[in-house]
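Reading the structure
The primary structure of each chain is shown beneath.
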Amino acid sequence: MNTNSPDKQGFFGEYGGQQLPPELKQVMDDISAAYDEIKDSDDFKNELNDLQRHYVGRPSPIYFCRRLTEQLGGAEIYLKREDLNHTGAHKINHCLGEALLAKKMGKTKILAETGAGQHGVALAAASALVGIKCEIHMGEIDIEKQAPNVLRMKLMGANVIPVARGTKSLKDAVDNAFEEYLSDPQNFFYAIGSVVGPHPFPQMVRDFQKIVGIEAREQFQEMTNSLPDTLVACVGGGSNAMGLFTAFLNDKEVNMVGVEPSGLGLDTPDHAATISKGSPGIIHGMRCYLLQDDAGEPLPVYSIASGLDYPGIGPQHSYLKDIGRVQYESATDKECLNAFVMLSRTEGIIPALESAHAVAHAIRIAPQMAGKKILINLSGRGDKDIDFVADKLNL
Ligand SMILES: *Cc1c(COP(=O)(O)O)cnc(C)c1O
């Protein structure tokens, strides 16, 4: 099988598919058909292209970290600066694609859940831009913790629905948003926030993100006359990693590493290291590696970076792990914080806590890689995290 495309049922090897009741399967098939038709139309491609350039600010630069490289004394370290995108992360890439698709399909409302609010903010921005109603479900506890992001969403016209059930956080927000979606799936569009969920979402979100690697491959060659030796990206659901990796999958000499959050440690229950510690199972309409209990229920997960706090992982990652094309490693909270500070101090770039996991792995491997080049996907900026980090480090 071609590592780049799922089969007709949406499987990458044994992973993915549509693990859904028949009525929802029909809805997903409709989205898939609409996507297949729209994605290759000049109209859609031109519009998306134009917005990527003039709204998101693409192409994002590649940056050589001179001082960090000197300090580590090994491989040269480069960043793909997705943190410089409008709204501060890679998420705008797929939110824009999804909002445009929803609009073209004639949907009346786009909805989603959000945890820390990053997906909510990117989707609110994309919906405002495209001109479609946006509804974001968010746990009451998260609403309190993430006040600035709630304000951003509201300012951009999104309807933020507080979720008071259960633990009042992400999982309950997912349940709530999904119930609302099921009340009228013909007219609503559920915008999944990563390369997860039932087919066609893992492929579609990946396609909207692959611009990252397409740009990076060209920019890197122009800058260094070579390809990177190793790509490093953090992995929650896996969208920023697939965004960078996809364009390099056929470059056999390029190693790729996905970095999962090992939280308080892989030997504790407090991590979200899905591939390192999980096993194949089913969650949110797909088959993938999953942190699960004996009954197949998702386990509670934890990471200092709420954007990585997910018990599953995209089906294509699950497949790439099995065939050995991508290597999966992990970084702890502590290593993440260390990387967060180190990049801030050596380069004047404050990374998102999520992205700092990728930086942490590069810091770990660079000293033994003299003469090589590492390209990190800096998936987002850390402004959202500074209060939390200042607190942690007693700044
Ligand atoms: C949401 C988020 C992630 C994790 O999502 P993926 O789908 O794994 O990319 C990583 N970095 C940032 C900055 C995020 O906001």
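Residues numbered from 1 in each chain as written. Predicted model: local features only at pLDDT ≥ 70, side-chain atom pairs only at ≥ 80, totals over all residues. Heavy atoms only, no water.

**Here we look at the overall build of the chain**
- Summing up its helical and strand segments, the chain has 16 helices and 14 strands in all.
- Taken over the C-alpha trace, the chain has a radius of gyration of 20 Å; the compact-globule value for 395 residues is 21 Å, and the two agree within 12%.
- A principal-axis box enclosing the C-alpha atoms of the chain has dimensions of 55 × 45 × 45 Å.
- Sorting the 395 residues of the chain into buried and exposed places 58% on the buried side.
- Pairs at least 24 apart in sequence give 71% of the contacts found in the chain among residues at least 6 apart.
- As displayed, the chain offers around 16100 Å² of accessible surface, 49% of which is attributable to carbon and sulfur atoms.
- Side chains of the chain give 38 positive and 51 negative charges; the mean places of these two sets differ by 4 Å. (Helix = DSSP H or I, 4+ residues; strand = E, 2+ residues; numbered from the N terminus. Rg over C-alpha atoms; globule rule 2.2 N^0.38 Å. Buried < 20%, exposed > 50% of the residue type's maximum accessible area, 1.4 Å probe, protein only. Contact = heavy atoms within 4.5 Å. Areas by Shrake-Rupley, 256 points an atom, 1.4 Å probe, with all protein chains shown as cover. Lys, Arg positive; Asp, Glu negative; His and termini not counted. Charge placed at Lys NZ, Arg CZ, Asp CG, Glu CD.)

**Thoughts on the state of the cysteines**
- With the rule as written, the count across this model stands at 0 disulfides.
- With no disulfide of its own, cysteine 65 has cysteine 234 as its nearest cysteine by sulfur position, at a separation of 15 Å.
- The class for cysteine 65 is buried, based on a relative accessible area of 0%.
- For cysteine 234, which is in no disulfide, the shortest distance to another cysteine sulfur is to cysteine 336 and amounts to 9.3 Å.
- Note on cysteine 234: relative accessible area 1%, which makes it buried. (Disulfide = S-S within 2.5 Å.)

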